[in-house]
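Overview (structure and organization)
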Amino acid sequence: SMASPALLMRVVASAYSVAEKAATIVRNVMSAGDLGIVEKTGPNDLQTKADRLVQMSICASLARKFPKVTIIGEEELLADDVTEDLIEDCHCEEILKKPCPAQYTGIKEEELVIWVDPLDGTKEYTEGLLDHVTVLIGIAYGGKAIAGVINQPYYNYEAGANAVLGRTIWGVLGMGAFGFQLTEAPADKHIVVTTRSHSSALVNECITALNPDHVIRVGGAGNKIIQLIEGKASAYVFASPGCKKWDTCAPEAILHAVGGKITDIRGNSFQYNKEVKHMNSAGVLAALRNYDYYASRIPNTVKESLVP
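Predicted, not measured: the structure shown is a model, and the values here were computed from it.

Moving on, we get to the environment of Ser296. Residue placement: Ser296 occurs in the loop between α8 (291-295) and α9 (300-305). At a separation of 2.9 Å, a polar atom in the side chain of Ser296 contacts the main-chain carbonyl oxygen of Tyr293. Of the polar contacts made by the side chain of Ser296, one reaches the side chain of Arg297; its length is 2.9 Å.

Of the positions making up helix α5 (residues 201-209), those classed as buried are Leu202, Val203, Cys206 and Ile207. An end-on view of α5 places all buried positions within 135° of arc, on one side of the element. With respect to the buried face of α5, the exposed residues turned more than 90 degrees away are Ala201 and Thr208. Of the surrounding secondary structure, the elements contacted by the buried residues of α5 are β9 (191-194), β10 (214-217), β11 (235-238) and α9. Following α5 by one or two positions, Asn211 has its phi on the positive side, about 50°.

Here the focus is the layout of surface pockets. In this structure, the largest pocket occupies an estimated 770 Å³ of space. What lines the largest pocket is a set of 34 residues, and nearest its centre among them are Asp45, Glu74, His198, Gly242 and Lys244. For the lining of the largest pocket, the elements supplying multiple residues, two or more each, are β1 (38-42), β2 (45-47), β4 (112-120), α4 (122-126), α6 (221-229), β11 and α7 (245-257). Taken domain by domain, the makeup of the lining of the largest pocket includes at least three residues from each of domain 1 (7-176) and domain 2 (191-305). Roughly 200 Å³ of volume is contained in the second largest pocket. The element that contributes the greatest number of residues to the lining of the second largest pocket is α6, accounting for three residues.

Below, the discussion takes up the domain arrangement of the protein chain. Domain annotation for the protein chain reports domain 1 (7-176) and domain 2 (191-305). Taken over C-alpha atoms, the centre of domain 1 sits 21 Å from the centre of domain 2. Between domain 1 and domain 2, the contact holds 39 residues from the first and 30 residues from the second. Between domain 1 and domain 2 lies a buried interface of about 2,600 Å² when both sides are counted; carbon and sulfur atoms form 63% of it. Three residues stand out in domain 1 for area buried against domain 2, namely Trp115, His132 and Ala145, and they jointly supply 23% of the buried area on that side.

By the definition in use, this model includes six aromatic pairs. Relative to Tyr157, the ring of Tyr154 has its centre 6.2 Å away and its plane inclined at 70°; by these criteria the two rings are edge-to-face. Counting every residue linked through ring pairs, the aromatic cluster contains Trp115, Trp246 and Tyr272. Taking the ring centre of Phe178 as reference, the NZ or CZ of Lys98 above it sits at 4.6 Å. Sitting over the face of the ring of Tyr155, Arg167 holds its NZ or CZ atom 3.8 Å from the ring centroid.

With numbering aligned to this structure, UniProt lists the feature "binding site: Mg(2+)" (unreviewed entry) at Glu74, Asp117, Leu119, Asp120 and Asp247. A maximum C-alpha distance of 9.7 Å is found for the annotated residues, which run over 174 residues; spatially they form one tight group. Lining the largest pocket, from the set of annotated residues above, are Glu74, Asp117, Leu119, Asp120 and Asp247. Mapped onto the elements, Leu119 comes out in strand β4. Leu119 sits in the buried class, given a relative accessible area of 1%. Apart from residues no more than four positions distant in its own chain, Leu119 is found in contact with Val26, Thr48, Ala50, Asp51, Tyr125, Val133 and Thr134. Its place among the elements puts Asp247 in helix α7.

Calculation criteria
Within each chain, residues carry numbers counting from 1 in the order of the written sequence. Owing to the predicted nature of the model, reporting of local features is limited to residues with pLDDT of at least 70; listing and counting of side-chain atom pairs is limited to 80 or more, with chain, interface and lining totals taken over all residues. Based on all heavy atoms of the structure, the side-chain values leave hydrogens and waters out of the count. Note on conventions: DSSP H or I runs of at least 4 residues are helices, E runs of at least 2 residues are strands, and numbering of each starts at the N terminus. Residues adjacent in sequence count toward polar contacts only when both atoms are side-chain atoms; beyond that, a polar contact is any pair of N or O atoms within 3.5 Å, and within protein one must be able to donate a hydrogen and the other to accept it. Summary of the burial criterion: residues with accessible area below 20% of their type's maximum are buried, those above 50% are exposed, and those between are partly exposed, where the area comes from a 1.4 Å probe applied to protein chains only. Note that the arc is computed from the directions linking the helix axis to the C-beta atoms. Contacts are assigned to residue pairs with any non-hydrogen atoms lying within 4.5 Å of each other. Computed over the protein atoms alone on a 1 Å grid, cavities are sets of points where a 1.4 Å probe fits but cannot get out and pockets are open sets with protein on both sides within 12 Å along at least five of seven lines; a residue lines them when it has an atom within 4 Å of a point. Grid points are joined across faces, edges and corners, and a volume is the space filled by probe spheres set on the points. Just so you know, the domain bounds were taken from an automatic or database domain assignment. Computed with a 1.4 Å rolling probe, the buried area is the accessible surface lost when two parts are put together, summed over both parts. Note on ring pairs: Phe, Tyr and Trp rings are taken, using the six-membered ring of Trp, and paired if centres are within 6.5 Å. Classes follow the plane angle, with under 30 degrees stacked, over 60 edge-to-face and the rest tilted. Should the NZ of a Lys or the CZ of an Arg lie within 6 Å of a ring centre and within 35 degrees of the ring normal, that charge is described as sitting over the ring. UniProt positions are given in the numbering used here, feature names are shortened, and annotations may be inferred rather than shown by experiment.

Right, here's the structure in full:
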């Protein structure tokens, strides 16, 4: 008989279906019209009804199937509000059929940490910039991001009434990433993607030093990594604190699965064990190719201003 699929593949297969359910919730909240916006620390730090419902759905659904896994979500919520209609019990059969990379076959539930951003790009969501929005489920083992799911609930939303809305990208280190067409940015151009709503003098100083041909300003860390893997941008640069572990875990796993690299502005790897602090206080630097080119051009003044 076939051995039952490794735990990691079961978690990824479930996370895939859980992310698709999350996307449905995100779209339903938007179409119902009442976003239920709450300011957390200020006007650029918002929470909506979608953030709350999606986090409850993801965390409760995964905790029910994998009770010993540590799950860390962005929003501080009580778990007792979860209604049965928020639970997703399915998994993606396609993922279960794929063999688990050998180095991950022996993983136990209690060794995994799942980082959840229920709605990355909340500010953009409230402003109707729907293609910026992603749902992020990152899976870490030994402090490293090893697998991830990124759902774009509104992928294709400008393609007309009959277009299929949304897509799910997923990846596992040692296996690759799926659900999109891997494309490299033009080799002769330096196109930098950066923050849209959290700009600062330091952010801009860092970008100027890279002398880019073009700068794209968009919301959401998940969205920025998608720009890299689809060849729309050559580097993602954010010289500021503000990004958190749940913003980078899933995108990191997918980027690394296709040979890219992400670190803080000083070149340090991110750690994702459950005790780690949540803030990526030294910013983000990422590229699908030519990471070293961008890393070598970050000014020391910028590095010294950002303490990990």
